[in-house]
Amino acid sequence: MVVVTDVYPALLLVAAAISVTLCVMTWRRSVTGSVAFSLNMLAVTLWLVGHTAEVMATSEALIRYWANVQWVAAIVVAPTWFLFVMAYLGKDQWLEPKRLAVLAVEPVVMLLLLATNNQFHLLWNEPHIDTVTLGWLFGETVTLAAAEPAVGTLAHVAFSYTLLFVGSLYLVRLALASASVYRWQSAAVLLGVSVPWVASAAALSDATSIDLTPVAFSVTGVALAFGLIRYRLLDLVPVARDAVVENLNDSVIVFDRHGRIVDVNDAALAFTDLDEPDVIGASAAEVFTEYTDLIERYRGVADMRKEIAIEHEGVERHYEVDLTPITGRDGSRVGTLTVCRDITERRRRERELERKNNQLERFASVVSHDLRNPLQVATGNVELARETGSDDRLDRVEDALARMDQIIDDMLELTRVDGDSIETSAVNIDSVSNAAWRNVATGDAALTVEAEAVVEADRDRLVQLLENLFRNAVEHGSSGETSEPAVEADGGGSLRVWVGTTENGFFVADNGPGIPVTERDTVFEAGHTTGSDGTGLGLSIVSQIANVHGWDVSVDESRAGGARFELTER
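Calculation rules
- Residues numbered from 1 in each chain as written.
- Predicted model: local features only at pLDDT ≥ 70, side-chain atom pairs only at ≥ 80, totals over all residues.
- Heavy atoms only, no water.
- Patch = residues over 30% accessible without salt bridge, like charges linked within 9 Å, V, L, I, M, F, W, Y side chains within 5 Å.
- Areas by Shrake-Rupley, 256 points an atom, 1.4 Å probe, with all protein chains shown as cover.
- Salt bridge = Lys/Arg side-chain N within 4 Å of Asp/Glu carboxyl O.
- Helix = DSSP H or I, 4+ residues; strand = E, 2+ residues; numbered from the N terminus.
- Phe/Tyr/Trp six-rings, centres within 6.5 Å; stacked < 30°, edge-to-face > 60°.
- Buried < 20%, exposed > 50% of the residue type's maximum accessible area, 1.4 Å probe, protein only.
- Lys NZ or Arg CZ within 6 Å of the ring centre and 35° of its normal.
- Expected span 1.5 Å × (residues − 1).
- Bend = angle between axes of the 7 residues up to and from the residue.
- Arc of directions from axis to C-beta.
- Lys, Arg positive; Asp, Glu negative; His and termini not counted.
- Charge placed at Lys NZ, Arg CZ, Asp CG, Glu CD.
- Axes fitted to C-alpha atoms, helices over the stretch in contact; angles between N-to-C directions.
- Parallel < 35°, antiparallel > 145°, perpendicular 65-115°, else oblique.
- Left-handed = near helix turned anticlockwise from the far one by under 90°.
- Nonpolar A, V, L, I, M, F, W, Y, C, P; charged D, E, K, R; others polar.
- Core = buried A, V, L, I, M, F, W, Y, C linked by side-chain atoms within 4.5 Å.
- Contact = heavy atoms within 4.5 Å.

**Student:** Just checking my understanding: could you explain a nonpolar patch on the surface for this structure?
**Tutor:** Taken together, the side chains of Trp27, Val35, Leu39 and Leu42 make up a nonpolar region of the molecular surface, amounting to roughly 410 Å² of accessible area. Per-element accounting of the nonpolar patch gives the leading share, three residues, to helix 2 (residues 34-56). Looking at the secondary structure, you find Trp27 in helix 1 (residues 7-27).

**Student:** Can you walk me through the packing of aromatic side chains in this structure?
**Tutor:** Given two aromatic rings, their pairing is described by the distance between the two centres and the angle made by the two planes. Under the counting rule described, the total for this entry stands at six aromatic pairs. A ring pair is formed by Phe506 and Trp551, whose centres lie 5.7 Å apart and whose planes are at 90°; its orientation type is edge-to-face. Placement of Phe506 in strand 12 (residues 505-510) and of Trp551 in strand 13 (residues 551-557) is noted, with a sequence separation of 45 residues between them. Side by side, Phe506 and Trp551 carry an identical accessibility label, which is buried. Over the ring of Trp94 we find Arg99, and its NZ or CZ is 4.9 Å from the ring centre.

**Student:** Would you explain helix 4 (residues 97-115) in this entry?
**Tutor:** For an α-helix the count is 3.6 residues per turn, leaving residues at separations of three or four pointing the same way. The end-to-end C-alpha separation of helix 4 is 26 Å, in line with the 27 Å expected for 19 residues at 1.5 Å each. Approximately 30° is the largest bend angle found in helix 4, and it occurs at Ala104, with the proline Pro107 only one to four residues beyond. For helix 4, the complete set of buried residues consists of Leu103, Glu106, Pro107, Met110, Leu113 and Leu114.

**Student:** Which parts of the structure should I look at to understand helix 1?
**Tutor:** When the terminal C-alpha atoms of helix 1 are compared, their 30 Å separation across 21 residues agrees well with the 30 Å that a helix rising 1.5 Å per residue should span. All of the buried residues in helix 1 are Tyr8, Pro9, Leu12, Ala15, Ala16, Ser19, Leu22, Cys23 and Thr26. In an axial view of helix 1, the angular spread of the buried residues amounts to 150°, which keeps them on one side of the axis.

**Student:** Sorry if this is basic, but what is going on with the pattern of salt bridges here?
**Tutor:** A pair can form between side chains of opposite charge whenever their charged atoms are brought close. Taken as a whole and assessed by the stated rule, the structure comprises 15 salt bridges. With a shortest N-O distance of 2.9 Å, Arg64 and Glu60 are connected by a salt bridge. In this pair, Arg64 and Glu60 are both assigned in helix 3 (residues 60-88), four residues apart and thus about one turn of the helix distant. Salt-bridge contacts for Glu307 lead to Arg347; the nearest nitrogen and oxygen are separated by 2.4 Å. Of the two residues, Glu307 is situated in strand 5 (residues 304-312) and Arg347 in helix 14 (residues 344-370); the sequence distance between them amounts to 40 residues. A residue is classified by how much of its surface remains accessible, and Glu307, at 36% relative accessible area, is partly exposed.

**Student:** In this structure, what is going on with a negative patch on the surface? I would like to understand it.
**Tutor:** Taken together, the side chains of Asp391, Asp392, Asp395, Glu398 and Asp399 make up a negatively charged region of the molecular surface. Mapped onto the elements of the fold, Glu398 is located in helix 16 (residues 391-416). The exposure class of Glu398 is exposed, given its relative accessible area of 52%.

**Student:** Any chance you could explain the packing of helix 1 against helix 2 here in plain terms?
**Tutor:** Two measures define how a pair of helices packs: the angle their axes make with one another and the distance between the axes. Helix 2 packs onto helix 1 with a crossing angle of 160° between their chain directions and a minimal axis gap of 8 Å. As far as their axial angle goes, helix 2 and helix 1 are roughly antiparallel. Crossing geometry of helix 1 relative to helix 2 is assigned as left-handed. When grouped by side-chain class, the residues that make up the contact of helix 1 with helix 2 number 19 nonpolar, seven polar and no charged.

**Student:** Even after reading the chapter, I still don't get the nonpolar core, so can you show me in this structure?
**Tutor:** Across soluble globular proteins, nonpolar side chains show a tendency to be buried alongside one another. With 37 residues, the main nonpolar core has Leu462, Leu465, Leu466 and Phe470 as its most contacted residues. Broken down by element, the residue count for this core peaks at seven residues, all from helix 18 (residues 459-476). Beyond its immediate chain neighbours, meaning those up to four positions away, Leu466 contacts Val432, Ser433, Ala436, Phe506 and Val508. In terms of nonpolar packing, the next biggest core, distinct from the first, is built from 35 residues, Tyr8, Ala16, Leu48 and Val132 among them.

**Student:** Looking at this structure, I do not really get the packing of helix 18 against helix 19 (residues 538-548). What am I missing?
**Tutor:** Running from N to C, helix 18 and helix 19 point in directions that differ by 150°, and their axes come no closer than 9 Å. Looking at the two axes, helix 18 sits roughly antiparallel to helix 19. Considering only the axes of helix 18 and helix 19, their crossing is left-handed. For the pair helix 18 and helix 19, the contacting residues are Arg461, Gln464, Leu465, Asn468, Leu469 and Asn472 in the first and Gly538, Leu539, Ile541, Val542, Ile545 and Ala546 in the second. Split into classes, the residues belonging to the contact of helix 18 with helix 19 amount to seven nonpolar, four polar and one charged.

**Student:** Hey, could you run me through unusual backbone geometry in this one?
**Tutor:** When glycine is set aside, most residues are seen to have a negative phi, and most peptide bonds are trans. Phi angles above zero are rare outside glycine, and His121 is one such case at about 55°. Its location among the elements puts His121 in the loop between helix 5 (117-120) and strand 1 (128-133). In this structure His121 comes out as partly exposed when scored by relative accessible area, which is 25%.

**Student:** Please clarify how the environment of Val463 should be interpreted in this entry.
**Tutor:** Structurally, the position occupied by Val463 is in helix 18. Of the residues examined, Val463 reaches a relative accessible area of 10% and is grouped as buried. For Val463 and Ile429, which are 34 residues apart along the polypeptide, the C-alpha to C-alpha distance reads 9.7 Å. Apart from residues no more than four positions distant in its own chain, Val463 is found in contact with Val432, Ala436 and Asn439.

Now the structure itself:
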């Protein structure tokens, strides 16, 4: 008759009850890692029940039988725990069929060795019955099966501890680097799985007189139950954070109450030259050294939505910054969530939409006013031609229709000027100037290109720009003596036009009447004209083409007293 204490089996059964309860609870919930967690708890329950039955068994055959049952459970505890940790961390590649098959090889081999151990003794040598004193905690003895481990047992221990080590590394990293809710979740899981393995290591090293691994699993049950209830283990998991935060294009930074960074995503790290371990625990000023003025301006602000403009990598970008307080269970602020959204492209589209709306308004003005005038002229002269039979009236109709045609052409040119449609290359100023000059009815005016130079531009758009400048000079030109140095000239008329280069651009100048100072700020507006034959759109086209190239265009007086249009890189 074996004497067994009432306390030790009762403790084992309590631990088994906790494990099976956790198994049932998680099996019913379709959350991340629930299947692996349930299987792990089922294996733990089987191990505890087997050990309870072993210490309570009254015959050697039953003791050996329940010892073998425990081995079946022990074979799958480590793999199922490892799969639970991988699922909990969102490492779904470990849940793929191929990797699951590889992971299952060791348990299957161990089961085969168990089934053939009586013949080959590859797991352990011939077992014997041993009476063990439980020590000061229980003060009684139990009868257990004991045997010298063989190569199979040692291989299984190595395999199990490898899985434990890898999984624990991931959990420790998460506990150190994550926000507090994940840190406590990870601590609960880590505590729950580390205590049994410490007990197992103590048994293997003969530090304890009995294998306390099943007892340690009672601690596992308590720790994981605490994690389930207090920190919503399996409901709020790091994979949710990774799937949402890491895949956001927005920069996300979490600060604690002291202003230290406790979490950051890859988009936010792109603003620094640091890795995540160097950022966690540092202040914003220590990490984002280029933006210290901005950080000081909003230091202490916990709730804000504001648009800011900063220079990043030499380019001004616009950001929408949201600061949201993070509160604890008692309502006090424990940190700040910062989300920084790049709205540069949105602002660009808004400006483009505004530009096109303004363009539509200008078109409406042109249609309602500029086209109406020549249309009225044409209509009136047709009626007079019918009454008088004079061909002179028809000539005036033809002139009016030609003006309408020019207005329509200019309007179409304006609609085609789009920054997204230009393709720039190295363009020779001399060549493109002469090409544009040939496309304009210049009469006896003369063109001089003062120097050969190359600019980065869309050739067709640059020709269009120069055509409008040349046409403007010819339409408003008059007699005048030149004081500009002429290098080469075509034509011998009194109107002279020069094209030359500046330090960071080029210019087009003439010796015409020039543009009054009071009108120089408005000449680039659509519809502005001082001539009866002008459409008022030519210089607006020039301004738009310059803008899509990133050039500024200005007008001043030339040395000959005429107009000088200068285009410079921004």
